Amino acid sequence: AALVKEHGRLEILVNNAGILRDKSLLKIDDDMWDSVIAVHLRGTFQCTRVAARVMKMQGSGVILNTSSFSGLIGNFGQANYGAAKAGIAGFTRVCAKELTRYGVRVNCIAPMAKTRMTEDIDMVSEEITPDLIAPVALWLCSDESKDINGQVFGAHGPQVFEYRMIPTDGVKLDEKWTPALLSEKLSEISALPGASAAPSESGGSQEDIIDEVFSRMPEAFLPEKAGDFAAMIHFVLGDVGTWSVDIKNGGCEGMSGAQGSPDCTLTFDAAETFLGMVDGSVDSQQAFMAGKIKADNMTVLM
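Keep in mind it's a predicted model, so treat the numbers as computed, not measured.

Peer 1: What is the right way to look at the overall build of the protein chain in this model?
Peer 2: Helix and strand counts for the protein chain stand at 13 helices and ten strands. Projected onto its principal axes, the C-alpha coordinates of the protein chain cover approximately 70 × 55 × 40 Å. Counting over 302 residues, the protein chain shows a buried share of 36%. Long-range contacts, defined here as pairs at least 24 residues apart, represent 63% of the contacts in the protein chain between residues at least 6 apart. Put simply, the protein chain has 26 plus and 40 minus side-chain charges, and the middle of one group is 14 Å from the middle of the other.

Structure representation (structure tokens):
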């Protein structure tokens, strides 16, 4: 009320208040759960409701909420935080649908940066600073994004991407489903549109399969995304061996062995984790957050 009285309008609300009370599910107590839900989810709801009432009257406004990788993908030891942040993402989508008729846009950002909240989390690199996130938040609050509503954007330092919940094509049967049939058809049910057969189905030894994956990387490479980026990246796949990817001049080459001097080394806990990423059974970001994938140069990784 004081803000509207002084300035006449409320143009932008950014819901960014947050706390951490991390503990695994079997050790978390009620206060740790309630306090995180109260600050993140209930706080976002209360501030949004007040702002939305003002914005409805004036016929315009922008609301930006803050979700997290933990809520959208999941992270060990953050049941309370993940639940709150997942709730905020869902809350954002509903509010966007309800408020658009009043000229109000509601979007969400899921940032990762080294801040006071994440200073004790080793996997968040010191190089990923808040100033890399700020332009994304500014963009979502500006007229540059006037046609964007109800969307969630990840901002991990220099990398910006969109989170989407996409249903698969699934499988429809002419008979009743049974648990046995569900298990039998699971790969078809889970397959993303256009997904091809996993390389692991092609036969041969594990090393042969990995060799094939790296030899075929140029087929999946997107030069328009790479631009002038250049790097030699080593993939250390558990105790199976090392493979290399050389990216330069708008192309890439996958090779067996540790070739050249690496700009970044990705270390996998096991070759199965890498192959799971290839066939879609392992989520790469979730595997990274769980410590199954490590990188010695976060800037190149992003």
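That was the structure; now back to the text.
Peer 1: Looking at this structure, how should I read the packing of helix H8 (residues 206-215) against helix H11 (residues 271-279)?
Peer 2: Packed helix pairs are characterised by how far apart their axes lie and by the angle those axes make with each other. At a minimum axis distance of 11 Å, the contact between H8 and H11 shows a crossing angle of 45 degrees. Considering their axes alone, H8 and H11 lie oblique with respect to each other. The handedness of the crossing between H8 and H11 comes out as left-handed. Listed contacts from H11 to Gln206, Ile209, Ile210, Val213 and Phe214 of H8 are Ala271, Glu272, Phe274, Leu275 and Val278. Taken together, the residues of the contact of H8 with H11 break down into eight nonpolar, one polar and one charged.

Peer 1: Please clarify how the sheet that holds strand E7 (residues 241-248) should be interpreted in this entry.
Peer 2: To summarise the sheet geometry, strands pair through backbone hydrogen bonds and adopt either a parallel or an antiparallel arrangement. Taken in spatial order, the five strands make up an open sheet running E8-E7-E6-E9-E10, and their pairing is mixed. One side of each edge strand has no neighbouring strand; the edge strands of this open sheet are strand E8 (251-256) and strand E10 (293-295). Within the sheet, the average angular offset between the axes of one strand and its neighbour, ignoring direction, is 20 degrees. Pairing between strand E6 (residues 231-237) and E7: seven bridges, direction antiparallel. Considered in E7, the bridge of Val236 is made with Thr242. Contacts from H8 reach E6, E7 and E8, with the element oriented near 5 degrees to E7.

Peer 1: Explain helix H4 (residues 79-99) to me, please; I cannot follow it from the model alone.
Peer 2: The periodicity of an α-helix, 3.6 residues per turn, causes residues three or four places apart in sequence to face the same way. Helix length check: H4 (21 residues) gives 30 Å between terminal C-alpha atoms against 30 Å at 1.5 Å per residue, within 8%. Along H4, the positions that sit buried rather than exposed are Asn80, Tyr81, Gly82, Ala84, Lys85, Ile88, Ala89, Phe91, Thr92, Cys95, Ala96 and Leu99. Buried residues along H4 sit in contact with helix H2 (30-58), strand E2 (61-66), helix H3 (69-72) and strand E3 (104-112).

Peer 1: Help me understand the pairing of strand E4 (residues 152-156), please; the structure alone is not making it clear to me.
Peer 2: Residues in a regular strand point their side chains to alternate faces of the sheet. E4 sits mainly inside the fold: five of its five residues count as buried. Alignment of E4 against strand E5 (residues 159-163), held across five bridges, turns out to be antiparallel. Each residue of the ladder has a partner; that of His156, found in E5, is Gln159. Turn length for the E4-E5 hairpin, with the two strands adjacent in sequence and antiparallel, is two residues, and the turn residue Gly157 shows positive phi of about 65 degrees.

What counts, and where the lines are drawn
- Residues numbered from 1 in each chain as written.
- Predicted model: local features only at pLDDT ≥ 70, side-chain atom pairs only at ≥ 80, totals over all residues.
- Heavy atoms only, no water.
- Helix = DSSP H or I, 4+ residues; strand = E, 2+ residues; numbered from the N terminus.
- Buried < 20%, exposed > 50% of the residue type's maximum accessible area, 1.4 Å probe, protein only.
- Contact = heavy atoms within 4.5 Å.
- Lys, Arg positive; Asp, Glu negative; His and termini not counted.
- Charge placed at Lys NZ, Arg CZ, Asp CG, Glu CD.
- Axes fitted to C-alpha atoms, helices over the stretch in contact; angles between N-to-C directions.
- Parallel < 35°, antiparallel > 145°, perpendicular 65-115°, else oblique.
- Left-handed = near helix turned anticlockwise from the far one by under 90°.
- Nonpolar A, V, L, I, M, F, W, Y, C, P; charged D, E, K, R; others polar.
- Pairing = 2+ DSSP bridges.
- Expected span 1.5 Å × (residues − 1).

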